[in-house]
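These are the residues of each chain, in order.
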Amino acid sequence: DHVIQSLLKQVIEMNPKVAAILWGNHAKQFASLFDPESIVESAHPSPLSASRGFLGSKPFSRVNSILAANQKPVINW
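Remember, predicted model here, so these are calculated numbers, not experimental data.

Along helix α3 (residues 59–69), the residues that are buried comprise Pro59, Val63, Asn64, Ile66 and Leu67. Angularly, the buried residues of α3 cover 160° about the axis, an arc narrow enough to put them on a single face. Its buried side turned inward, α3 meets β1 (20–23) and β2 (39–42). Two residues or fewer after α3 comes Gln71, characterised by a positive phi angle close to 55°.

With that out of the way, let us pick up a nonpolar patch on the surface. A surface patch of nonpolar side chains, about 360 Å² in accessible area, is lined by Ile21, Phe60, Ile75 and Trp77. One can find Phe60 in helix α3. Residue classification places Phe60 among the partly exposed positions, given a relative accessible area of 34%.

Analysis parameters
Residues numbered from 1 in each chain as written. Predicted model: local features only at pLDDT ≥ 70, side-chain atom pairs only at ≥ 80, totals over all residues. Heavy atoms only, no water. Buried < 20%, exposed > 50% of the residue type's maximum accessible area, 1.4 Å probe, protein only. Helix = DSSP H or I, 4+ residues; strand = E, 2+ residues; numbered from the N terminus. Arc of directions from axis to C-beta. Contact = heavy atoms within 4.5 Å. Patch = residues over 30% accessible without salt bridge, like charges linked within 9 Å, V, L, I, M, F, W, Y side chains within 5 Å. Areas by Shrake-Rupley, 256 points an atom, 1.4 Å probe, with all protein chains shown as cover. Salt bridge = Lys/Arg side-chain N within 4 Å of Asp/Glu carboxyl O.

These values are about where atoms sit, not about what they do.
See below:
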């Protein structure tokens, strides 16, 4: 986790408004590194947990909303 945290800090330093997709509890532990308005969180999209919050969470359109709000190009998912 230390390596991941170091990498994320470098990315955030270069782009403080980077959009973060945090799927599952392991990913959510890094939420404090990101601007709260740039985070998209939900359950992990695995078959075991998709019905616990991932389905219907619209992560890709939410990321595009974050990008547009920060004058960044949206992604054609």
